[in-house]
Amino acid sequence: MIARILVAAALTVTAFGASAQVKVGVISSSTGPVSVVGIQQKNTVEILPRKIGSLDVAYVFLDDASDPTQSVKNVQRLLIEDKVDAIIGPSGTPGAMAVLPFIAEAKTPLLAPVGSTAVVLPMDAQRRWVFKTTQNDDLVMNALFGELKRSGTKTVAFIGTSDPLGENFEKAARIAAEKTGIKIVASERYARTDTSVTGQALRILSANPDAVLIGTAGAATILPEVTLVDQGYRGRLVQTHGAATPEFLKLGGKKVEGTLLAASPMLVLDELGDDVPAKRVALSYIGLYKAKYGTEPGTFGANVFDAGLLLERAVPIAAAKATPGTPEFRAALRDAIESTRDLVGAQGVYNMTPEDHSGFDARSVVPIVVKNGKWTLLK
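Residues numbered from 1 in each chain as written. Predicted model: local features only at pLDDT ≥ 70, side-chain atom pairs only at ≥ 80, totals over all residues. Heavy atoms only, no water.

## Quick look at the overall build of the chain
And step 1. Along the backbone of the chain there are 13 helices and 15 strands.
And step 2. The globule rule puts the C-alpha radius of gyration for 379 residues at 21 Å, and the 21 Å found for the chain is close to it.
And step 3. Along the first, second and third principal axes, the C-alpha atoms of the chain reach 65 × 45 × 40 Å.
And step 4. Considering only residue pairs separated by 6 or more positions, the chain has 69% of its internal contacts joining residues 24 or more positions apart.
And step 5. For the chain, the exposed surface amounts to about 14,900 Å²; the carbon and sulfur share of it is 54%. (Helix = DSSP H or I, 4+ residues; strand = E, 2+ residues; numbered from the N terminus. Rg over C-alpha atoms; globule rule 2.2 N^0.38 Å. Contact = heavy atoms within 4.5 Å. Areas by Shrake-Rupley, 256 points an atom, 1.4 Å probe, with all protein chains shown as cover.)

Structure follows, in structure tokens:
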């Protein structure tokens, strides 16, 4: 149905095509459980470029209220009614996974600022239209388990959300654990909307692990860690880049002191040398965001900023081959993004390939510890 409507629209002469305007849809969770992530992503849209080369860029923003069903409805509206050339979003992995079939059917590029590698791997006909602006799970887990091994950790328990993000975090954790000889002795799940994980925490305590790895993102990262501390756990607490928000530090307080995570260099820029490629771009993004909103953004906002950089690089290439608003332009835009090489973003350096639609290498992740209520580079 979407394909037929889009073909019909392409045959109609519109003001959109005549004005050579690129239209970008944006879906973020500015309300609901994922709003810790989505608000800074929504805010970041306001500092994305309104002109790329000779082309005007218009952004159409929709809130999915952290609901994958609404993510699908929003995508359908953007594709059918707004006839966008590309979409940035949704904020959460469940929403991004839910929209994959519609993105593929419409043959429209999606730049997904989400955590799970599942949106781009395994590569197939649906995922070839999706590009991911966060570090892949394996990069994060390799860094975490490498540090755990160096510190003498023998056993780890896992607790993650009961959604695609939690599932893929555990999958990547088990692969990294096997490589390092660390044993995973317990695995627990909880919903993002849960208000208690006491039962899961008690089962983890009974397994007596050296460390506990929490696999989720945004506000949901805090509950398991605080509960474990309250229940008397004294081992090492470990988070992924999903916890890299100011709210994690503010709401977790002293109970998250000492937490280990592997995340974007953006969190510890003042401790990094100028030889780190992403430092200059990250500082620029932070400065733009702070000037507009009076506060510094987290790394989740940087995911949207980098999506803007990818489009800024790819749009002129696509526009040389086709007119915005046409299927040919969307296909050329997809190809141009996939051909991105050595693009320095706020999160790292992008080198896309047909097999890798994230494009990051180990330079996009550094080991970090919470010290005195702040992110600190682990040395």
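## As for the sheet that holds strand β9 (residues 211-215)
In sheet architecture, strand pairing relies on hydrogen bonds along the backbone and comes in two forms, parallel and antiparallel.
And step 1. In spatial order, the strands read β8-β7-β9-β10-β11-β14-β15; together these seven strands make up an open sheet with mixed pairing. Single-partner strands in this sheet number two, and they are β8 (183-190) and β15 (374-377). The sheet shows a mean angle of 25 degrees between the axes of neighbouring strands, taken without regard to direction.
And step 2. Across the face of the sheet, helix α7 (residues 164-180) comes into contact with β7 (155-161), β8 and β9 while running at roughly 175 degrees to β8.
And step 3. Sheet contacts for helix α9 (residues 222-230): β7, β8, β9 and β10 (236-239); angle to β10, the most-contacted strand, approximately 175 degrees. (Pairing = 2+ DSSP bridges. Axes fitted to C-alpha atoms, helices over the stretch in contact; angles between N-to-C directions.)

## A short note on the UniProt feature "domain: Leucine-binding protein" (unreviewed entry) in the chain
And step 1. As annotated by UniProt and renumbered to match this structure, "domain: Leucine-binding protein" (unreviewed entry) occupies residues 21-359.
And step 2. Between the end C-alpha atoms of residues 21-359 there is a gap of 28 Å, over a span that is 42% helix and 18% strand. (UniProt positions renumbered as here; feature names shortened; annotations may be inferred.)

## Here's the deal with the nonpolar core
And step 1. Ranked by internal contacts, the top residues of the largest apolar core, which has 86 residues, are I88, M141, F145, L213, L311, L333 and W375.
And step 2. With 11 residues, the single largest contributor to this core is helix α12 (residues 299-319).
And step 3. Of the residues that make up this core, three or more belong to each of domain 1 (21-135 + 281-363) and domain 2 (137-263).
And step 4. Setting aside its immediate chain neighbours within four residues, M141 contacts F169, A172, A173, A176, L213 and T240. (Core = buried A, V, L, I, M, F, W, Y, C linked by side-chain atoms within 4.5 Å. Buried < 20%, exposed > 50% of the residue type's maximum accessible area, 1.4 Å probe, protein only. Domains from an automatic or database assignment.)

## Some remarks on the layout of surface pockets
And step 1. Space inside the largest pocket adds up to approximately 440 Å³.
And step 2. What lines the largest pocket is a set of 19 residues, among which M266, L267, V268, E296 and W375 lie closest to the centre.
And step 3. Mapped by element, the contributors of at least two residues to the lining of the largest pocket are α10 (246-252), α11 (279-293) and β15.
And step 4. Taken together, the residues that form the lining of the largest pocket break down as 11 nonpolar, four polar and four charged.
And step 5. Approximately 260 Å³ is the volume attributed to the second largest pocket.
And step 6. Considering the residues around the second largest pocket, the lining is formed by 15 residues, among which T117, L121, N168, K171 and A172 are closest to the centre. (1 Å grid on protein atoms, 1.4 Å probe; cavity = no way out; pocket = protein on both sides within 12 Å on 5 of 7 lines; lining within 4 Å. Points joined across faces, edges and corners; volume = space filled by probe spheres on them. Nonpolar A, V, L, I, M, F, W, Y, C, P; charged D, E, K, R; others polar.)

## Regarding the pattern of salt bridges
And step 1. In this structure the tally under the stated criterion is 15 salt bridges.
And step 2. Note that K51 is salt-bridged to D56, the shortest N-O span being 2.9 Å.
And step 3. Overall, the relative accessible area of 46% leaves K51 in the partly exposed class.
And step 4. A relative accessible area of 37% means that D56 is categorised as partly exposed.
And step 5. In this structure, the salt-bridge partner of E296 is K290, at a minimum N-O distance of 3.9 Å.
And step 6. Judged by its relative accessible area of 45%, E296 falls in the partly exposed class.
And step 7. Here the salt bridges do not stand alone but share partners, grouping E170, R174 and R189 into one network. (Salt bridge = Lys/Arg side-chain N within 4 Å of Asp/Glu carboxyl O.)

## Quick word on the sheet that holds strand β2 (residues 51-52)
And step 1. Reading across the sheet, the six strands line up as β2-β3-β1-β4-β5-β6 and stay open at both edges, with mixed pairing between neighbours. Two strands in the sheet have a free side with no partner beyond their single neighbour: β2 and β6 (130-132).
And step 2. As defined by bridge partners, strand β1 (residues 21-28) adjoins strand β4 (residues 86-88) across three bridges and the pair is classed as parallel. Residue pairing in the sheet places V24 in a bridge with A86 of β4.
And step 3. Packed onto the sheet, helix α13 (residues 327-338) meets β1, β4, β5 (110-112) and β6 and runs at close to 35 degrees relative to β6.

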